[in-house]
Amino acid sequence: MPVITLREALNEALHLEMARDPRVIVLGEDVSGGAGGTSGQRDAAGGIFGVTKGLIHKFGDGRVIDTPISESCIIGAANGAALAGLRPVAELMFADFVGVAMDQIFNQAAKFRYMFGGKARTPLVIRMSFGAGMNCAAQHSQTIYPFMTAVPGLKVVVPSNPYDAKGLLLTAIRDDDPVVFFEHKALYSRKGEVPDGDYMIPFGEAALVREGEHATIVALGRMVPFAEKALDKLNAEGITCDLIDPRTTSPLDEETILESVSNTGRLIVVDESPPRCSVASDIAAIVAQKGFRDLKAPIEIVTAPHTPVPFARELERAYVPGPAQIEAAVRKVLADG
Amino acid sequence: MPVITLREALNEALHLEMARDPRVIVLGEDVSGGAGGTSGQRDAAGGIFGVTKGLIHKFGDGRVIDTPISESCIIGAANGAALAGLRPVAELMFADFVGVAMDQIFNQAAKFRYMFGGKARTPLVIRMSFGAGMNCAAQHSQTIYPFMTAVPGLKVVVPSNPYDAKGLLLTAIRDDDPVVFFEHKALYSRKGEVPDGDYMIPFGEAALVREGEHATIVALGRMVPFAEKALDKLNAEGITCDLIDPRTTSPLDEETILESVSNTGRLIVVDESPPRCSVASDIAAIVAQKGFRDLKAPIEIVTAPHTPVPFARELERAYVPGPAQIEAAVRKVLADG
Amino acid sequence: MQLNRDALLQAYRRMRTIREFEERLHIENRTGEIAGFTHLYAGQEAVAVGVCEHLTDKDWIASTHRGHGHCIAKGCDVGGMMKEIYGRADGLCKGKGGSMHIADLDKGMLGANAIVGGGPPIAVGAAIAAKLAGEGHVAVSFTGDGGSNQGTVLEALNMAAVLKVPKIFVFENNGYSEHTGAAYALAGQDLGRRVEGFGIPVFRADGFDFFSVYEAMRQALEIARNGGGPAAVYATCTRYFGHFEGDPQNYRAKGEVEKFREESDCLTGFRARVTEAGLIDAAALDAIDADVLAEIDTATVAAKSAAPPTAADVLTDVYISY
Amino acid sequence: MQLNRDALLQAYRRMRTIREFEERLHIENRTGEIAGFTHLYAGQEAVAVGVCEHLTDKDWIASTHRGHGHCIAKGCDVGGMMKEIYGRADGLCKGKGGSMHIADLDKGMLGANAIVGGGPPIAVGAAIAAKLAGEGHVAVSFTGDGGSNQGTVLEALNMAAVLKVPKIFVFENNGYSEHTGAAYALAGQDLGRRVEGFGIPVFRADGFDFFSVYEAMRQALEIARNGGGPAAVYATCTRYFGHFEGDPQNYRAKGEVEKFREESDCLTGFRARVTEAGLIDAAALDAIDADVLAEIDTATVAAKSAAPPTAADVLTDVYISY
Ligand SMILES: Cc1ncc(C[n+]2csc(CCOP(=O)(O)OP(=O)(O)O)c2C)c(N)n1
Ligand SMILES: Cc1ncc(C[n+]2csc(CCOP(=O)(O)OP(=O)(O)O)c2C)c(N)n1
Ligand SMILES: [Mg+2]
Ligand SMILES: [Mg+2]
């Protein structure tokens, strides 16, 4: 199987689906780039992270739409296009920009179907890069998916590797509900085996990344490879864990998590978000309700601290949960009973 | 002691603090009302819910500022005014409108101090009405405080009665950090004893509304009187509970909650929000980490369903968690071990 | 004016339907049976109808919190609307949306919207779809004087112009946003000039006069349907009732509304114009009035006695699949 | 032109400082020592300095992602800035903010801002405070051609005008927002006309010419400082480097930047103007150049060797009390 980056995997999915379905359009700032420039060269950007590269040359500027800096209107337009029968893929560039587009996401897209009594169909994907690790500081490094997971009507995808990213994006574009698709900017260059053709990964089905017996680790996005690193070290000492990557936080595959906890009796949830009202706390709460009798030890939560994301390398490294903290958390739940 | 409504209690706090501190300003849509009208009458609104009534006549339109419908700029202006030395109290009317103002709340106000290396002071209060119960439908009925609780740098206040509302608002205005102040619209007419003068209620100190032995109920906002109703019924059968109103979700008084759970061994968290990444899940997760050994039964969570807020009376009644669900949850944790 | 007799009768009927719908709601509101917020459109009928008489079900509109008039003008079922406002199970949105969220996608009606400024970006998207389909359809958004200060609306003006999509921005300046006058909140006062600043041509209309709005919309459409990109219709008008039901309107001078009702009413004006020109006789209009009155009465009675939704309905219609 | 020799020398020094700061960063960026995004202001110096030379520490400015020039023009410490960009513990923001969040409230600098359109609403608030204080101070926001399409900026125009606050909107049209030309993204093209649509007077300036900007700002301030409400300065200019460091600028015609550098450079123009007019001799300017070069070198060397923050610092400065 070809080995490609997560960025390339996403790009493949977009190429495939735009070729297959003429209703798919892509819009956002600099999704091609170069419009109105003096060189005349389009695709000057192909998306700031290169995910939409090459689309404009294949599908033209009717379907690959560069927009002004107007995020409310980008998402609003995607909403309207979806209601009118298209299947838009809107790019928000940085997830942190939801602040200037939130209404169209959480009050409009998420609620049309319900408010309209089941009549609306909003087949919309909103892609956004997220996460710390590139020293982009407080306004360009947040996780944001907890906000979206909280919103009824939205589906939320957080892939951790190229294979999942491609399959999940194809599923997202073909899904008839609004999907918010989170791409960790520090994973864009992560490589992995990715089949050439078309395949889908269903929402609400977690991946069991590693199997083990001593504890269950649930981790998302960039925390998945970090958990693998921690496990590499622990394995050497004979400590093994189930490592579960939910892949979608809404819908969430509660079953796989609860089943694993029923085997291991111990849970560590790893989330790059600050702790309060996070996906970590959400999953912990679900297990505290539904898997309580299986638990042998307190649940451990590994998150960023309750602070904004700092700029300096030394600070950001201290901010982002890493393999060491995951390892410590596993040791703690094992020591704890 | 005078018995007044929560609306009047808030109004008193604003009158007191504006008289005391000339740096306090109030701004928002129709906080006075009547500007540019043909009758010439100001204070035509006094806030859509009447909370800012009478301020314009006492403090003038330099300090009581009616704004256009421009929520990003309302909060942005409040931010700038706070940085420049004033103590603004901005009104967002409905909490659901955060969608068009979120950036200025979560990326700007919340982060100035951190991003600027501790130099900024943003003594800002953002007041917003929230909650279901008035048939205002999906875009005018949400709780929103989970979003804000998740954001490092913000403080979050959710009063449940007139006495707390006044004392907490005075504390909020005098606080040097940005505070988001949530007012349940179905509680504006709730009455209670409120002293005339000046008093403050510290942030991060929960109120123990009822004392009991069989379980701990943590409830917020309108869920507090609902929990009291449930307890009235349960008490008749000899079942008693601690009822804890955290009053502020950030900072959160973990201690009081954990101490109560250490006595009762059972926890029910009641939150009007949908379940995912809610304050209910947040508190449950904290107890599952830090109070696990005290728990005798699974944690119960009573929330709205994972749906938008519906319009029709019958639907909204089914949506909002009420005394019956709280009662059932208490019975469940008692039966459960 | 290129309207034949049938078209004139239809326009009149639609305006009258909106008026009766709103007048009746105003009365019914006092009974306490209607829950939530209701913002009535009475007084502004000439705008909604003058605009929508140009449109088919394949054209899109995005409305506001004050949406009943736009809905009726776009052909939404009046009975279904009334039931929705009463929160009934067979309301147009199954009682889940209410007055502020009436939508009917089959009619090209993208929804009322309880967020001021929510609609225009959505209509830009529908216009993108219309442009891609290339069948000459357009998307229209309605925005009030107050809404014109919302950033989302201003973004939509720019983006529609940049993308050259077939989008008409209709601005209805009724003088007030809630309890605040446009004389205060609308900087520059001339909203038309603001829109022109985005390079969008503006056609000004007297919002009390159906024919004036109809003509302005015709000119705007000529641009939009022919690849010229967006255009705008700017109509000045007034609302007869308070911002929402229950508003005492103490920000308005005494007699202000009465004077408008007497001197500038769009129905009275329309009637005078077509009868004086000998196009339609008064009896035909009277017959419509009677008809509409009966229709609204039937709709109201039916809505009152219709079944409410059941608790289980809360959980449906969140996702198509989950 | 009412500038004396000292004022001219100071303006020149500030422009030169910005230029050297940015040119040096451009070189240093290649070493990989500088983390995160850096957006350089080189080429636009005449705008920041032409505006800020009118201001004192009691006037406020709100900047953008491309903020170094505004900071230096407003008097922020260059050494502290350089350390901040290097993420050092004694940087202007303790290494917590970085290039996109440099702020110095004591200098009236309300912060760079990594959210396009974040600044103008904040400056409206500072202008509210200035108006209430009544001491004649103003607040200024900087916005690019791209930022002019962000709803928040347009809201700020309206609100500032409605509240008649002493606020100056400075628009810097450098022709590009990221990789997209203003020729595409700025509907109506004439941003000045857009601003005038909000009833705000606009003073147009040649952004390559310090004196032109200085004069436009003077006129704008005359309005704002005298109770006339907001005004705007609209300057056209260019940026010499890519949108961010690393941008190959393949959307620009070959030689575009070089031509600007040769024909329109603000420093060259300033030098020619003041020497030809006999106001200042070249040697005095050369001395400044040498001085600034040394200052920037010192700042860079100091920043490189300064201590980074420690892990524990992550947790501080979130709240004043919690
Ligand atoms: C984002 C947002 N802000 C504020 C409101 C509250 N609100 C509802 S209608 C309205 C006034 C709208 O005025 P205008 O646009 O002139 O429309 P009109 O009511 O006159 O039809 C306001 C402020 C809202 N619903 N949404
Ligand atoms: C809300 C938001 N949208 C998008 C971006 C990404 N972004 C950063 S700078 C920029 C272009 C800004 O262009 P302009 O306002 O012309 O300023 P210039 O870069 O030319 O100085 C964009 C799109 C952002 N930081 N914030
Ligand atoms: Mg209006
Ligand atoms: Mg630019």
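Residues numbered from 1 in each chain as written. Chains lettered and ligands numbered in written order. Predicted model: local features only at pLDDT ≥ 70, side-chain atom pairs only at ≥ 80, totals over all residues. Heavy atoms only, no water.

## Describing the coordination of the magnesium ion (ligand 3)
All names here are of chain C.
Logical step 1: Bound to the magnesium ion (ligand 3) are the protein donor atoms D145 (OD), N174 (OD1) and Y176 (O), situated 2.1 Å from the metal.
Logical step 2: Look at where the donors of the magnesium ion (ligand 3) fall in the sequence and you get D-x28-N-x1-Y. Taken together, the residues span a long stretch of sequence, with D145 in the loop between β2 (139-144) and α6 (151-163) and N174 in the loop between β3 (167-173) and β4 (176-177) at a distance of 29 residues. (Donors = N, O, S within 2.8 Å, 3.2 Å for Na, K, Ca; no water. Helix = DSSP H or I, 4+ residues; strand = E, 2+ residues; numbered from the N terminus.)

## Structural notes on the domain arrangement of chain A
Residues and elements named next belong to chain A.
Logical step 1: Taken as a whole, chain A is organised into domain 1 (3-193) and domain 2 (207-335).
Logical step 2: Using C-alpha coordinates to define each centre, domain 1 is positioned 27 Å away from domain 2.
Logical step 3: Taken together, the contacts link 26 residues of domain 1 with 26 residues of domain 2.
Logical step 4: Interface of domain 1 and domain 2: buried area, both sides summed, is about 2,000 Å²; carbon and sulfur atoms make up 54% of it.
Logical step 5: The interface formed by domain 1 and domain 2 includes two salt bridges.
Logical step 6: The partner of E228 in a salt bridge is R190, and the shortest N-O contact between them spans 3.4 Å.
Logical step 7: Across the contact surface, domain 1 and domain 2 share 17 residue pairs in polar contact (both at pLDDT 80 or more).
Logical step 8: Of the residues belonging to the side of domain 1 that touches domain 2, the class tally is 15 nonpolar, eight polar and three charged. (Domains from an automatic or database assignment. Contact = heavy atoms within 4.5 Å. Buried area = accessible area lost by both parts, 1.4 Å probe. Salt bridge = Lys/Arg side-chain N within 4 Å of Asp/Glu carboxyl O. Polar contact = N/O pair within 3.5 Å; in protein donor to acceptor, adjacent residues only side chain to side chain. Nonpolar A, V, L, I, M, F, W, Y, C, P; charged D, E, K, R; others polar.)

## Some thoughts on unusual backbone geometry
Logical step 1: Backbone torsion omega between S250 of chain A and P251 of chain A reads 0°, so that peptide bond is classified as cis.
Logical step 2: With respect to the helices and strands, P251 of chain A occurs in the loop between β12 (248-250) and α9 (254-264).
Logical step 3: With phi around 65°, M93 of chain B is a residue other than glycine that occupies positive phi space.
Logical step 4: As for its placement among the helices and strands, M93 of chain B is situated in strand β4 (residues 87-94).
Logical step 5: Its relative accessible area of 5% is what places M93 of chain B among the buried residues.
Logical step 6: A positive phi is found at Q249 of chain C, a non-glycine position, where the angle reads about 55°.
Logical step 7: When you line up the elements, Q249 of chain C lands in the loop between β7 (231-236) and α10 (256-264).
Logical step 8: For Q249 of chain C, a relative accessible area of 14% corresponds to the buried category. (Buried < 20%, exposed > 50% of the residue type's maximum accessible area, 1.4 Å probe, protein only.)

## Concerning the packing of helix α2 (residues 45-52) of chain C against helix α9 (residues 210-224) of chain C
Residues and elements named next belong to chain C.
Logical step 1: Here α2 crosses α9 at 40°, and the two axes come no closer than 8 Å. The pairing of α2 with α9 is recorded here as oblique in orientation. The crossing of α2 and α9 is right-handed. From α2, A46, V47, V49, G50 and V51 reach across to α9, where they touch F210, V213, Y214 and M217. (Axes fitted to C-alpha atoms, helices over the stretch in contact; angles between N-to-C directions. Parallel < 35°, antiparallel > 145°, perpendicular 65-115°, else oblique. Left-handed = near helix turned anticlockwise from the far one by under 90°.)

## Re the site of ligand 1
Logical step 1: Taken together, 22 residues surround ligand 1, and among them E71 of chain B together with H65, R66, G147 and N174 of chain C come closest.
Logical step 2: The local environment of ligand 1 is shared, drawing residues from chains B and C.
Logical step 3: A distance of 2.8 Å is found between a nitrogen atom of ligand 1 and a backbone nitrogen or oxygen belonging to A114 of chain C.
Logical step 4: In the model, an oxygen atom of ligand 1 is placed 2.9 Å from a nitrogen or oxygen of the Y176 of chain C main chain. (Near = heavy atom within 4 Å.)

## Looking at the pattern of salt bridges
Logical step 1: Summed over the entire model, instances satisfying the criterion amount to 88 salt bridges over all chains.
Logical step 2: The partner of E256 of chain C in a salt bridge is R252 of chain C, with the nearest N and O atoms 2.8 Å apart. In this pair, the class of E256 of chain C matches that of R252 of chain C, namely buried.
Logical step 3: The salt bridge involving D291 of chain D is made with R13 of chain D; its shortest N-O contact spans 3.0 Å. Pair noted here: D291 of chain D is in helix α12 (residues 282-305) and R13 of chain D is in helix α1 (residues 5-29), with a separation of 278 residues, a long-range link.
Logical step 4: Given a relative accessible area of 31%, R13 of chain D falls into the partly exposed group.
Logical step 5: Through salt bridges that share partners, R24, E28, E33, D297 and K304 of chain C make up one connected network.

## Regarding the UniProt feature "domain: Transketolase-like pyrimidine-binding" (unreviewed entry) in chain A
Logical step 1: Per the UniProt record, "domain: Transketolase-like pyrimidine-binding" (unreviewed entry) is annotated on residues 4-190 of chain A.
Logical step 2: Between the first and last C-alpha atoms of residues 4-190 of chain A the distance is 8 Å; the span itself is 34% helix and 18% strand. (UniProt positions renumbered as here; feature names shortened; annotations may be inferred.)

## Section: the relation of the copies chain B and chain A
Logical step 1: Once chain B has been moved 0.0 Å along the axis and rotated by 180°, it coincides with chain A to within an RMSD of 0.0 Å. The superposition of one copy onto the other is thereby described by a two-fold rotation axis.
Logical step 2: Same-surface contact between copies: 100% of interface residues of chain B are shared with the interface of chain A. (Least-squares fit on C-alpha atoms with pLDDT ≥ 70 in both.)

## A look at the environment of A185 of chain D
Logical step 1: With respect to the helices and strands, the residue A185 of chain D is situated in helix α7 (residues 182-185).
Logical step 2: Of the residues examined, A185 of chain D reaches a relative accessible area of 3% and is grouped as buried.
Logical step 3: Remark: the alpha-carbon pair of A185 of chain D and N149 of chain D, spanning 36 residues in sequence, is separated by 8.0 Å.
Logical step 4: If we skip the residues at most four places from it in the chain, A185 of chain D touches P68 of chain A, N158 and V162 of chain C together with N149 and T180 of chain D.

## Structural notes on the sheet that holds strand β1 (residues 60-62) of chain D
Each strand in a sheet pairs with another by means of backbone hydrogen bonds, the pair being arranged parallel or else antiparallel.
All names here are of chain D.
Logical step 1: Sheet architecture is open: five strands sit in the order β1-β2-β3-β7-β6, paired in parallel fashion. Edge positions in the sheet fall to β1 and β6 (202-206), since each of these pairs with one other strand and no more. Across the sheet, the mean angle separating the axes of adjacent strands is 20° when strand polarity is ignored.
Logical step 2: Direction of pairing for strand β2 (residues 139-144) relative to strand β3 (residues 167-173): parallel, over a ladder of six bridges. (Pairing = 2+ DSSP bridges.)

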